[in-house]
Amino acid sequence: DYIRRISQYPANYLVFLDEVSKDDRMYARLWGRSRVGTHVEHHAPFVRKRRFSMVAVLGLDEGIVAAKVVEGSFVRESFMNYLRDDVV
């Protein structure tokens, strides 16, 4: 059903959006392995530094249409402003 519905639009009408964020904790592993019956010990520094988030829209015929980086995380208001002011 999705393919039937989306195929009615030319490819240049479609844009794709993605968000990514980065802070200094991104390098730490979340999972580990150990021998059966033993626990994994993980020592990681507590990091409270700046976080950056980026959102970008990609068009198949234009490449990157609009991108924005903010310090912190996108919230509803900043995301809606990005859509209204930069994308549309």
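Everything in this summary refers to the structure shown in the same document. (Residues numbered from 1 in each chain as written. Predicted model: local features only at pLDDT ≥ 70, side-chain atom pairs only at ≥ 80, totals over all residues. Heavy atoms only, no water.)

1. Things to note about the pattern of salt bridges
Thought 1: Going through the model one piece at a time under the given rule, you end up with 2 salt bridges.
Thought 2: In this structure, Arg4 and Asp1 form a salt bridge, with 2.5 Å as the shortest nitrogen-oxygen distance.
Thought 3: The exposed category is assigned to Asp1, whose relative accessible area is 63%. (Salt bridge = Lys/Arg side-chain N within 4 Å of Asp/Glu carboxyl O. Buried < 20%, exposed > 50% of the residue type's maximum accessible area, 1.4 Å probe, protein only.)

2. Brief notes about the nonpolar core
Thought 1: Grouped together as the largest cluster of nonpolar side chains are 6 residues: Val55, Val57, Ala66, Val70, Phe74 and Tyr82.
Thought 2: Elements with a minimum of two residues in this core: strand 2 (52-59) and strand 3 (63-71).
Thought 3: With near-sequence residues (within four places) excluded, Tyr82 lies in contact with Leu17, Val55, Ala56, Val57, Ala66, Ala67, Lys68 and Val87. (Core = buried A, V, L, I, M, F, W, Y, C linked by side-chain atoms within 4.5 Å. Helix = DSSP H or I, 4+ residues; strand = E, 2+ residues; numbered from the N terminus. Contact = heavy atoms within 4.5 Å.)

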